[in-house]
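Residue-level structural notes
Each chain, written out:
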Amino acid sequence: MIRFKNFQHNHFLNPDRLALALADRVSRELTHAVNERGRAVIAVSGGSTPKRFFYYLSQKDLLWEKIIITLVDERFVPLRSDRSNENLVRRCLLQDCASKAGFVGLYCQEKTAERAACFAEAKINKLHRPFDVVVLGMGLDGHTASFFPQGDRLKLAIDSKSRLLVIPMYAEGLDEPRLTLTLPILVNAGFIALHIEGKEKLVIFDKALRNGLDTDMPIRAILSYAKSPLQVFWSPT
């Protein structure tokens, strides 16, 4: 039985068309926010999937000096690491037109992810909320952000009433701890996109739409509490 209906599918023939369409939509959302409030905040995800999207978005002639980019989650690794989401964003998004944007990262050089999360929380707390745009990814286990099914703080991360903004996350199989924004800050965004590619990811998403625990497939927590319909941007390859 289908449990969720709070989403809209946007299908594209290939990743390039998807990335261009997502960049166009995000650009409109950011422009609207800047026109309404004089500023905008967008949170993006890492990994290899958003690289095309980052490129197309970086070419948009927006009032980037009024836009702040932050991260949905981050690996607790030095910024020089190829696994750093901040490193990815600086190389692929904060370029060309978007080089004028502000950036607020989650990582800081501390001894523990717990201490780094405290500093990240203070930085995120200074940003205007609700965020205007959140762009999420999804793993084959149904995780999004760093909401991993076996995460040690998963229930805290997906608590819809939590007042925490950033928490550390440990899970079996991860190469390093993570820092992640919590559910409330993600689901209250004005526009929420899920960027996924490949037939396998669509099968996983369709499975998540059916009855089951949010802790088993944490993308369900987004579907459960999203303020606006989740916009799914998908291509078959």
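The following refers to the structure shown. What you see is a predicted model, and the numbers here were worked out from it, not measured in a lab.

With that settled, consider helix α1 (residues 15-37). Note on helix geometry: an α-helix contains 3.6 residues per turn, so any two residues three or four positions apart are oriented the same way. Between its first and last C-alpha atoms α1 spans 32 Å; for 23 residues at 1.5 Å apiece the expected length is 33 Å, and the two agree. Every buried residue of α1 is accounted for by Pro-15, Leu-18, Ala-19, Leu-22, Ala-23, Val-26, Ser-27, Leu-30, Ala-33 and Val-34. Looking at the packing, one finds that the buried side of α1 touches β2 (40-44), α2 (51-58), β3 (67-71), β6 (133-136), β9 (191-197) and β10 (230-235). At the N-terminal boundary of α1, the capping side chain belongs to Asn-14, with an oxygen 3.1 Å from the backbone nitrogen of Asp-16. Note on α1: the residue one or two positions beyond its end, Gly-38, has a positive phi of about 85°.

This next bit is on the pattern of salt bridges. This structure, assessed with the given rule, holds 13 salt bridges. Note that Arg-115 is salt-bridged to Glu-110, the shortest N-O span being 2.8 Å. Since its relative accessible area comes to 45%, Arg-115 is described here as partly exposed. For Asp-152, the salt bridge goes to Arg-153, with nearest N and O atoms at 3.2 Å. Residue class for Asp-152 comes out partly exposed when judged on its relative accessible area of 46%. Overall, Arg-153 belongs to the partly exposed group, its relative accessible area being 24%. Put simply, Asp-73, Arg-75, Arg-83, Asp-175, Glu-176 and Arg-178 are held in one network by salt bridges that share partners.

This part covers the sheet that holds β2. Taken together, seven strands build an open sheet; the order of strands is β1-β10-β9-β6-β2-β3-β5 and the sheet is parallel. At either end of the open sheet lies a strand with only one pairing partner, and these are β1 (7-11) and β5 (102-104). Recorded for the sheet is a direction-independent mean angle of 20° between the axes of neighbouring strands. One ladder, built from three bridges, connects β3 with β5; its direction is parallel. Paired with Ile-68 across the strands is Gly-102, a residue of β5.

Calculation rules
Residues numbered from 1 in each chain as written. Predicted model: local features only at pLDDT ≥ 70, side-chain atom pairs only at ≥ 80, totals over all residues. Heavy atoms only, no water. Helix = DSSP H or I, 4+ residues; strand = E, 2+ residues; numbered from the N terminus. Expected span 1.5 Å × (residues − 1). Buried < 20%, exposed > 50% of the residue type's maximum accessible area, 1.4 Å probe, protein only. Contact = heavy atoms within 4.5 Å. Polar contact = N/O pair within 3.5 Å; in protein donor to acceptor, adjacent residues only side chain to side chain. Salt bridge = Lys/Arg side-chain N within 4 Å of Asp/Glu carboxyl O. Pairing = 2+ DSSP bridges. Axes fitted to C-alpha atoms, helices over the stretch in contact; angles between N-to-C directions.

Honestly, that's just the spatial picture; any functional story needs more than this.
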